[in-house]
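# A look at the structure
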Amino acid sequence: METIINKQVPEFSVPAYVASEGFKNVTHNDILGHWSIFFFYPADFTFVCPTELVDMADNYSRFKELGAEVYAVSTDSQFTHKAWADTSESIAKVKFPMLADRDGKLAESFGVLDPASFMAYRGTFVVNPEGVIKIAEINDNGIGRNSEELLRKLEAALFVAEHGDQVCPARWKQGDKTLTPGIELVGKI
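Report follows, based on the coordinates.

Calculation criteria
- Residues numbered from 1 in each chain as written.
- Predicted model: local features only at pLDDT ≥ 70, side-chain atom pairs only at ≥ 80, totals over all residues.
- Heavy atoms only, no water.
- Helix = DSSP H or I, 4+ residues; strand = E, 2+ residues; numbered from the N terminus.
- Buried < 20%, exposed > 50% of the residue type's maximum accessible area, 1.4 Å probe, protein only.
- Lys, Arg positive; Asp, Glu negative; His and termini not counted.
- Salt bridge = Lys/Arg side-chain N within 4 Å of Asp/Glu carboxyl O.
- Polar contact = N/O pair within 3.5 Å; in protein donor to acceptor, adjacent residues only side chain to side chain.
- Contact = heavy atoms within 4.5 Å.
- Pairing = 2+ DSSP bridges.

We now examine the side chain of D44. Relative to the elements of secondary structure, D44 occurs in the loop between β3 (35–40) and α1 (48–58). It is R102 that comes nearest to the buried, bridge-free D44 among opposite-charge side chains, at 8.8 Å. A polar contact of 2.6 Å, which involves the side chain of D44, links it to the side chain of Y41. Excluding its chain neighbours within four sequence positions, the residues that come into contact with D44 are S74, D76, T80, H81, W84 and M98.

Listed below in structure tokens is the structure:
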């Protein structure tokens, strides 16, 4: 199994529903120049998915403050995304783009498409401004994610990108001590 860490996000173009804009197309070019969070989920009108999207919506302003855009992605259509937002008070809170990966190619390129159900697993990916995947996490569909932990990981990715000579240890939070890798640390941690 080949890793996708440090791989370039492939070219793509998919329709999306964005609460403030209606329908639009989102392409590979739209993710360049800022950090991006790809947040794959199985399907609209399901059970765990709305809890995750609301959790992301509750922290969306914090992601934006860090310079990141969130892209929720499922194999549902943009019309289904809009209908879900129109009928669910929870999903009406979602202001980030909801991508319609109708042919499953985007989910497949990230390694999260379940061919049997033609739905995405719960994949979370942090992509740098050059379109390179820096963080990848995939959960089975019964296991929901936590946007607070994703924010922490994004902050760590931003720190490492800015301070290439330092790394972030376990449970690192912004402002905590980092490590400078070198032989003097071997056996001392």
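Right, let's talk about the pairing of strand β4 (residues 68–74) for a bit. For β4, the tally of buried residues reaches seven of seven residues, placing the bulk of the element in the interior. Residue alternation in β4 divides its side chains into two sets, A68, V70, A72 and S74 and E69, Y71 and V73, and both sets are buried. Inspection of the sheet shows β3 paired to β4 by six bridges, in the parallel sense. Residue F39 lies in a different strand from β4, and its bridge partner there is A72. Sheet topology note: the β4/strand β5 (residues 98–100) ladder contains three bridges and is parallel. Counted as the bridge partner of A72 is M98 from β5.

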